Amino acid sequence: GEDAEIFRDLVLVYPREEDAPHPADAALDIAVRLAALSAYASADAALSAAATAAAAGAVNLRAPPRAALVRRLRAVGLNVQKVAAVEGDGGERTLVVVGASGLRLMQAAEAMGTRLRLRAEFGGGWAKFAISQMSCFESATPTKHKHNSAATTAASTAAAASSESHIQNQNQAQDHFQHQALPPLQSPSLQRPLSQPQKGRGSQKEREKRELREFHFRPAERASLLSALLSAPFEDGGAGLDLGECYRSTSLLRTFLLHDEGARARLEKRLGGGAALGIDAMPLREIEGYLGAEYAFHFAFVHRFSRALWPVATIGASFFAAERALSYSFSTYLKLRADYLIIGYALLLMVWATGFVEAWKRTQAALAAEWDVESKLTKPAVRDEFVGQFRHGVHASSGDFVEIDSAELPVDVEAPLLEMVPKWEPHMRVACSSSLIGCLLGATVVGSLGLLVFRFLMWRLAGTGGTFAAALVNALFIELMSHIYRKAAWWLTSWENHRTYEAHRDSLILKLAVFSLLNKFSSVFYIAFGKGHQTKLFGVDFVEPCHAWNGEVTKSCMDELRIQVMAISVTNATVSQIGDSLLPLFNHWRSQRAEKRNPKPEEHRAAEQLRLRDAVALYAEYNEALLDFATATLFASAFPLAPLIVLLNNYVDAGADALKALRLHARPPVRAVRGIGLWLYIFDAVGYLAVFTNLAILTFTSDLLDRVIGLKLPATTKALILVVFEHIVLVAKLGLAAATPDFPSAVVNAAARRDFLSRVWVGGERPHAVAAGAPWAGTEAAVGEPSRNQ
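The sections below set out a description of the structure shown in this document. None of these values were measured; they are calculated from a predicted model.

### As for unusual backbone geometry
Thought 1: In this model, Asp372 sits at a positive phi of 55 degrees, which is unusual for a non-glycine residue.
Thought 2: Locating Asp372 in the fold gives a position in the loop between helix H13 (332–370) and helix H14 (373–376).
Thought 3: Owing to a relative accessible area of 11%, Asp372 belongs among the buried residues under this scheme.
Thought 4: Located in the positive-phi region is Asn497, a residue other than glycine, with phi close to 60 degrees.
Thought 5: Checked against the element boundaries, Asn497 lands in the loop between helix H16 (464–495) and helix H17 (501–529).
Thought 6: Under the relative-accessibility criterion, Asn497 is labelled buried at 11%.

Shown next, in the form of C-alpha cells:
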C-alpha cells in the first residue's frame, strides 16, 4: 500500500526486461551503497569511489541502467517503488515510482534555495525556504491534533537542529541592537527597541502558536523539487541524472507526473460555473499550484479573451440584426444608416484588438510577478531531447556557448562542464529548416491557385454542381496540407535541436501560426480582393463573377465574403468541438462504462495513469485561439457575429481543456515560463493586419463607400482614402499601446512592498537601524522627523 507520509509524483517508464549489466556495475554498486551509508549528507568517500568505478569501467554516471538508477535514488534519500503495469497497447512495463517524504522535500528546498510564498501576515511575497522559518510560509498549516504526526515531529526536530546557528545569529543581532531604535515612524509600536516584543503579532504567545504548524508543499512545488533532486549533482544532495542521456543510452521510455487525487478534485470544483465564460473569477493560483505556470497562463489567457469578447459580441450581434433589418428596407435613408453601422463596428474592432493585447500584456506581467516567475528562470532549463558535446565553459545571454580554457583559471578551479553545440550549427539548422518550410508554404500557395483555376473550369463545365465538387476538393486539399505541415513542423523543430524549451517552443509556434493563417484564410482573401477581377493563371484567362445572397451576379463580393467568413467560423467551431470536446468526452464515458461492467482488480495509481494519453502541449489550443481571434478581427466588417461564435467556442473549449488536463491526459510537466511566449506578438501582428483588411474591404471589396458618399469614386481616390484612414487608425492604435504600460505601476509597487517585507521578516534585514552608541543617536535625525534619504 501507499504510505500517506510519502509524496509520490514522478514515474519513470521502462520495458519489463532489465537493462544489460555493465562490467563496472558491481564497483559502482559498492560506491552507491557507500553513499547510502553516508546518508547523502557527506558523501566525499562515496563520490571518490563512484568516480574510480566509472573511470575503470567507462560507466556513464549521468545515465545509469535501471537497477543502478534505483539504487542511486534511494541513496539520496528518495523513496522508490517498482510497479508492474500494462500499457494501453498491451506492452508490459516496469514503472519506477519516485517519491519523497515531507522532510526530505524540505531539506531539498532549503539546500537548493527554493523560493516559496510567504503567509499574508509576512507580506505574501516570496523568499528562500528555510526549515527554521517554515512557519512563515503559506504552505505551513495549523496542526489539527494535539500530537503531531511522525513527519511533522521529524520536521520540527530537523528544524530545531538546523536552526541552531540561525537562532544564535539572531540572538547576536538582537544583542547588537538591544539599545537601538528603529527610524521614527508615526506608529508608536514601531518605535520600540527590537529587544521588546510587540503586542499581537510579535508576542511570544503568537510566535509559539505560529510554530505549531504542518508543512505541505503544493503539487507543482513537489514535482519541481523531485525533478531538481534527480538532476542536481551528487555532492549537492541530488542523483546527478541526465534524463535526456538516459533516453538515449538506457531503456528509459518516458516519464510522467502522477495526478494528486485530492488537489485534482478541489481544482475541478473551482473550474465549474461561469469561469469559462469570463464571468466568474478563474482559480489561477490553484491551477498554477497544480499544473504549473505554463498551464495557468493558458487558462488566464482564455479567461481574459472570453471576458474581452463580451462587449464586442453583444454589440456585433445587435449591429448585425439591425443592419440586416435596415438593408431590406425600401428607405434609402435607413439603408445608409446600416452602412454607418458596419463602418462603426469595423473601426471598433480595430481598436479593440489592440486594447485586448495591451490589457493582456499587463495581466501577464501581473501574473508573472504574482507567481515569481523571473526567479525560476535565472537558469534556462535544458531540454531532455537536446543533443550536444560536453565542453568547459558558460552559456552567454545571447544563447551562444563561450568555451573557457583551464589555463585561464586558478589551479583549484574548473569551469563547469556543459552540453553545447558549435556556434554555427544552430544557425545552419534553422536556415535549412526555414528553406524547407518556405517550400511547403509555396506548394500550398501554388496548390490553392491551381484549385481556383480548377473551380473556375468546373463552374464553366458543370455550373453549380461543378463548383460544389471543386469546393470539396479544396477542403480535402486544406486538410491534407495541414496534416503534412504539422508533421513537418514538429519534425523540423526537433531537428533544429534547440537547447532550451523556450527557444524550441517559439520556433514551433512561428511555423504553426504562419501556416495556419495562410491555409485557413487564403480562400477568404481571394474572395475579398481577387474575385471579380480578370487575370491570367497558368495561361488561362481567369475571371469569376461575384454573387449576391440570392445568387444574382453583382459587382460587389461582400455577400460572398460574409458567407465564407460565416462558414469558416461555424466550421472551425464545429470541427474543434468534435475533435477536442465530444470525442474525448465520449471516450471518457465509454471507458468509465466499461470499468463498471468489468471491474478490474485494484492496482497502483501509477499503473492506472500509465494508460492516460500524453500531456497536452497547448500548441493546438493557442493555435485555435489565434484562428478565432483572426476571424473576429480581420473580417469584422464582413461578419459581425464572429465574436459571438468565438465566445461560445471558448466556453466549450475551456471545459474541454480542463477535462483533458485533469482526467484524460497525464499530468503535464511543471515549467516556468514568462507568459504565452511568441503567441503574444503574433496576436498583436494580427491586430495590426486587421486595420488593412477591414479598410480594404470597406473601400474596394464592397460598394459601401460609394453609397455613403453618394457617387462612384475612382480607384485612385479610394486608394488615397484607404491610406489616410489607415494612418489615422494606426496612430490611434499606437497611441493606445504607448499610453498603456506593459508593467503596471501597481504591480511594480506591490512587488517592491512584498520583497521588502520578506527581507525584513524572513531575511532578518533591519534597515535604517541607528546604533545606541552612535554620536547622532539622540539627535533630531534619530528621534525627530524622518530623513529625506529614507
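Picking up where we left off.
### A few points about the packing of helix H22 (residues 679–701) against helix H24 (residues 715–739)
Thought 1: Closest axis-to-axis distance for the H22/H24 pair is 10 Å, and the angle between their directions is 150 degrees. Looking at the two axes, H22 sits roughly antiparallel to H24. H24 is crossed by H22, and the crossing has right-handed handedness. Here H22 contributes Gly687, Tyr688, Val691, Phe692, Leu695, Ala696, Thr699 and Phe700 to the contact with H24, which in turn contributes Ala715, Lys718, Ala719, Leu722, Phe725, Glu726, Val729, Leu730, Lys733, Leu734 and Ala737.
Thought 2: In terms of residue class, the contact of H22 with H24 is built from 14 nonpolar, two polar and three charged.

### Observations concerning the packing of aromatic side chains
Thought 1: The full count for this structure, using the stated rule, is 25 aromatic pairs.
Thought 2: Considering the side-chain rings of Phe320 and Phe639, the 6.1 Å spacing of their centres and the 80 degrees angle between planes classify their relative orientation as edge-to-face. Here Phe639 lies in the loop between helix H20 (619–634) and helix H21 (642–664) and Phe320 lies in helix H12 (residues 293–327), a separation of 319 residues in the sequence. We note that Phe320, like Phe639, is buried.
Thought 3: In this structure an aromatic cluster arises from ring pairing among Phe301, Phe305, Trp352, Phe356, Trp360, Tyr622, Phe629, Trp679 and Phe683.
Thought 4: Directly above the ring of Tyr290 sits Arg667, whose terminal nitrogen or CZ lies 5.1 Å from the centroid.

### Examining the nonpolar core
Thought 1: In this structure, Ile287, Phe297, Trp352, Leu561 and Trp679 are the most contacted members of the largest nonpolar core, which totals 89 residues.
Thought 2: With 12 residues, H12 is the largest single contributor of residues to this core.
Thought 3: With 42 residues, the next largest nonpolar core counts Leu10, Leu73, Leu252 and Val762 among its residues.

### Overview of the side chain of Asn623
Thought 1: With respect to the element layout, Asn623 can be found in helix H20.
Thought 2: Beyond its immediate sequence surroundings of up to four residues, Asn623 is in contact with Leu512, Ala513, Ser516 and Trp679.

### Observations concerning the pairing of strand S1 (residues 6–15)
Thought 1: Here S1 lies mainly inside the structure; nine of its 10 residues are buried.
Thought 2: Examined bridge by bridge, S1 and strand S8 (residues 254–257) share four bridges and lie antiparallel to one another. For Leu10, the partnering residue across the bridge sits in S8 and is Leu257.

Scoring rules and cut-offs
- Residues numbered from 1 in each chain as written.
- Predicted model: local features only at pLDDT ≥ 70, side-chain atom pairs only at ≥ 80, totals over all residues.
- Heavy atoms only, no water.
- Helix = DSSP H or I, 4+ residues; strand = E, 2+ residues; numbered from the N terminus.
- Buried < 20%, exposed > 50% of the residue type's maximum accessible area, 1.4 Å probe, protein only.
- Axes fitted to C-alpha atoms, helices over the stretch in contact; angles between N-to-C directions.
- Parallel < 35°, antiparallel > 145°, perpendicular 65-115°, else oblique.
- Left-handed = near helix turned anticlockwise from the far one by under 90°.
- Contact = heavy atoms within 4.5 Å.
- Nonpolar A, V, L, I, M, F, W, Y, C, P; charged D, E, K, R; others polar.
- Phe/Tyr/Trp six-rings, centres within 6.5 Å; stacked < 30°, edge-to-face > 60°.
- Lys NZ or Arg CZ within 6 Å of the ring centre and 35° of its normal.
- Core = buried A, V, L, I, M, F, W, Y, C linked by side-chain atoms within 4.5 Å.
- Pairing = 2+ DSSP bridges.

Note that all results are geometric; they support no functional claim without further evidence.
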